[in-house]
Amino acid sequence: MSIGENIRRIRKENHITQKELGEKLGGISQQQIGQWENDSKTPKIETIQKIAKALNVELWEIVELDQMDLETRIQQIKKMVAQLTPEGLKEFDRLATEA
């Protein structure tokens, strides 16, 4: 499943509307949530972390890297790393060196 499909599935499992999720994320529009869920746009990794927290799940449950083939995993990780802010990149480096 894609990130968007997972956001939709988990949101619905928690009986939360797109509008309610947007409110939990600090005022993200229902339209933006819909774009993520329809995979027309991909949220940044920092936003995915906020979504996971709002939905009370772990980040990996949305990203589902363990379910992807290796090449897809690599491409997904590259895409997410490219979107990191300088602070997020520092955190990524810290986590990578702890692993």
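### Overview of unusual backbone geometry
Inference 1: A positive phi angle, near 55°, is found at His15, a position not held by glycine.
Inference 2: The backbone of Asn56 shows a phi angle near 60°, a positive value even though the residue is not glycine.
Inference 3: When you line up the elements, Asn56 lands in the loop between α4 (45-54) and α5 (59-63).
Inference 4: Accessibility expressed as a relative area gives 66% for Asn56, which makes it exposed.

### Considering the layout of surface pockets
Inference 1: Empty space within the largest pocket amounts to approximately 360 Å³.
Inference 2: Lining the largest pocket are 15 residues, and of these Ile45, Gln49, Leu59, Met80 and Phe92 lie nearest its centre.
Inference 3: Going through the elements one at a time, α4, α5, α6 (70-82) and α7 (86-98) are the ones with two or more residues in the lining of the largest pocket.
Inference 4: Looking at which element gives the most residues to the lining of the largest pocket, the answer is α7, with four residues.
Inference 5: Of the residues that constitute the lining of the largest pocket, the class distribution is 11 nonpolar, two polar and two charged.

How each quantity is defined
Residues numbered from 1 in each chain as written. Predicted model: local features only at pLDDT ≥ 70, side-chain atom pairs only at ≥ 80, totals over all residues. Heavy atoms only, no water. Helix = DSSP H or I, 4+ residues; strand = E, 2+ residues; numbered from the N terminus. Buried < 20%, exposed > 50% of the residue type's maximum accessible area, 1.4 Å probe, protein only. 1 Å grid on protein atoms, 1.4 Å probe; cavity = no way out; pocket = protein on both sides within 12 Å on 5 of 7 lines; lining within 4 Å. Points joined across faces, edges and corners; volume = space filled by probe spheres on them. Nonpolar A, V, L, I, M, F, W, Y, C, P; charged D, E, K, R; others polar.

Interpretation note: all reported values are geometric properties and have no functional meaning in isolation.
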